[in-house]
Amino acid sequence: MLRTVLLVAGLAAAADAFTAPAGFFGRPATAARSVSLRAPVVPSAAKRAGLASLNMAETKTALPASVKPGVVTGQALVDLLDYAKEKGFAIPGVNIVGTNSINACMAAAKEYGGPIMVTFSKGGGQFIAGKDADNTNDAASIAGAIAGALHVRAVAKLYGVPVVLHTDHCQKAWLPWVDGLMEANEKYFKEHGEPLFSSHMLDLSEESLEENVAICKKYLERMAKVNVLLEMELGVTGGEEDGVDNTDVDSSRLYTQPEEVWYTYQELSQVKGGQFTVAASFGNVHGVYAPGNVDLQPVILHNTQKYISEKLGDGNPKP
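Residues numbered from 1 in each chain as written. Predicted model: local features only at pLDDT ≥ 70, side-chain atom pairs only at ≥ 80, totals over all residues. Heavy atoms only, no water.

Caption draft 1: Highlighting the overall build of the chain. Counting its secondary structure elements, the chain contains 10 helices and 12 strands. Restricting the contact set of the chain to residue pairs at least 6 apart, pairs at least 24 apart contribute 75%. Accessible area for the chain stands at about 13900 Å²; split by element, carbon and sulfur atoms hold 53% of it. (Helix = DSSP H or I, 4+ residues; strand = E, 2+ residues; numbered from the N terminus. Contact = heavy atoms within 4.5 Å. Areas by Shrake-Rupley, 256 points an atom, 1.4 Å probe, with all protein chains shown as cover.)

So, in structure tokens, the structure goes:
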């Protein structure tokens with residue numbers, strides 16, 4: 001099933017927002033990458049009160065029974081994303097840099113209805129550990145992300161909101177960072193019966209389609225054993241984020257094709273128990289850019305839905 005993205009002016013300038021797919025087992029899922037937006041300024045109490053009308057009020061009273069305050073993983077995460085698709089709301093995912101921004105995310109989720117995704121980047125993990133910490137072999141990036149995840153687990157229930165613990169773009173050269181986080185997931189799973197993180201993103205879009213999918217399949221096999229969801233990327237996201245600069249990338253690489261999503265689904269769905277989503281690009285760009293320099297083509301998501309619906313032949317227009 002296809003996962004679409006709503007652009008949300010969120011809690012930080014580097015926030016992603018996305019709605020969820022109808023399921024992960026044996027179905028494809030497609031997500032578009034969002035564009036970074038500046039958080040809106042609310043100058044008065046009256047305007048702040050007005051924002052209350054945007055609350056996802058239903059999420060406060062009608063979340064699936066499996067989705068409880070605290071970190072959401074495994075089947076509960078699938079249930080949450082199913083519910084988000086059914087009700088048509090987006091879940092903001094905010095790249096954080098410390099406990100202050102983590103707490104701000106959860107406070108906003110509590111006030112405006114939740115749930116929330118707390119997202120760690122490789123650089124963000126290093127920042128949490130401290131810039132003077134030894135980052136040989138990504139040690140600080142790994143330790144900082146783990147420390148942030150443990151902080152969320154210690155306090156999330158106090159905010160009364162469901163939290164998805166996610167990590168952001170990880171290119172091929174950064175895979176040792178995810179390896180370290182997977183070791184933490186496996187250790188936590190042995191002790192608590194669930195992973196430390198809810199999900200991880202592998203962004204191997206700079207590699208060939210075949211290599212991208214093959215590596216993701218290998219990681220999904222490992223993740224499936226401890227109920228971690230995989231987000232993988234097809235198509236390059238333009239702009240610059242966390243030291244990855246795609247400002248001069250060939251524009252054709254910014255647009256994912258339906259055939260690529262179908263191929264990815266066929267390969268990844270072979271992994272028993274695998275939970276995965278596909279982040280499809282439709283011209284999205286990270287960071288600051290001049291007006292008119294970005295050509296968004298969200299019709300790509302519609303075309304992909306139609307293509308895969310025809311392939312599956314199940315009569316569902318939005319699989």
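Caption draft 2: Highlighting the packing of helix α4 (residues 99–112) against helix α6 (residues 139–159). The N-to-C vectors of α4 and α6 enclose an angle of 30°; their axes lie 10 Å apart at closest approach. In terms of their interaxial angle, α4 and α6 are classed as roughly parallel. Relative to α6, α4 is oriented so that their crossing is right-handed. Of α6, the residues touching α4 (which contributes Thr99, Ile102, Asn103, Met106, Ala107 and Lys110) are Gly148, His151, Val152, Val155, Ala156 and Tyr159. (Axes fitted to C-alpha atoms, helices over the stretch in contact; angles between N-to-C directions. Parallel < 35°, antiparallel > 145°, perpendicular 65-115°, else oblique. Left-handed = near helix turned anticlockwise from the far one by under 90°.)

Caption draft 3: Local environment of the pairing of strand β7 (residues 199–202). Residues Ser199 and Met201 point to one face of β7 and His200 and Leu202 to the other, with burial holding for every one of them. In this sheet, β7 lies alongside strand β6 (residues 162–167) in parallel orientation, the contact comprising two bridges. Following the sheet pairing, His166 is matched in β7 by Ser199. You can see the chain leave β6, run along helix α7 (residues 175–192) and come back into β7, and the turn it takes is right-handed. As judged from the four bridges shared by β7 and strand β8 (residues 229–234), these two strands associate in the parallel manner. Bridging from a neighbouring strand, Ser199 pairs with Leu229 of β8. (Buried < 20%, exposed > 50% of the residue type's maximum accessible area, 1.4 Å probe, protein only. Pairing = 2+ DSSP bridges. Right-handed = clockwise from strand over helix to strand, strands pointing away.)

Caption draft 4: Quick peek at the nonpolar core. Membership of the largest hydrophobic core comes to 53 residues, with the highest contact counts inside it found for Val118, Val152 and Leu202. When near neighbours in sequence (up to four residues on either side) are disregarded, Val118 contacts Val94, Ile96, Ile102, Cys105, Val152, Val163, Val164, Leu165 and His166. Core analysis: the next-biggest nonpolar cluster, separate from the first, contains 13 residues, Val67, Leu77, Leu80 and Ala84 among them. (Core = buried A, V, L, I, M, F, W, Y, C linked by side-chain atoms within 4.5 Å.)

Caption draft 5: Expanded view of the packing of helix α9 (residues 258–268) against helix α10 (residues 299–312). Closest axis-to-axis distance for the α9/α10 pair is 9 Å, and the angle between their directions is 50°. Compared by their axis directions, α9 and α10 come out oblique. For the pair α9 and α10, the crossing hand works out as right-handed. For the pair α9 and α10, the contacting residues are Pro258, Glu259, Val261, Trp262 and Tyr265 in the first and Asn303, Thr304, Tyr307, Ile308, Lys311 and Leu312 in the second. For the contact of α9 with α10, the class distribution of residues is seven nonpolar, two polar and two charged. (Nonpolar A, V, L, I, M, F, W, Y, C, P; charged D, E, K, R; others polar.)

Caption draft 6: Region of interest: the pattern of salt bridges. Tallied over the full model, the rule gives six salt bridges. Between Asp138 and Lys122 there is a salt bridge whose closest N-O contact spans 3.3 Å. Of this pair, Asp138 sits in the loop between α5 (122–129) and α6 while Lys122 sits in helix α5, and the two are 16 residues apart along the sequence. Arg153 serves as the salt-bridge partner of Glu194, at 3.1 Å between the closest nitrogen and oxygen. Linking Glu194 in the loop between α7 and β7 with Arg153 in helix α6, this pair joins segments that are 41 residues apart in sequence. (Salt bridge = Lys/Arg side-chain N within 4 Å of Asp/Glu carboxyl O.)

Caption draft 7: Examining the pairing of strand β11 (residues 276–280) more closely. For β11, the buried fraction is high: five of the five residues fall into the buried class. By the alternation rule, side chains of β11 split into Phe276, Val278 and Ala280 and Thr277 and Ala279, which are all buried.

Caption draft 8: Quick peek at α6. Over its 21 residues, α6 runs 30 Å from end to end, which matches the ideal 30 Å to within 8%, given 1.5 Å per residue. The largest bend along α6 measures about 35° and falls at Arg153. Once α6 finishes, Gly160 follows within two positions and takes phi at roughly 70°, a positive value. (Expected span 1.5 Å × (residues − 1). Bend = angle between axes of the 7 residues up to and from the residue.)

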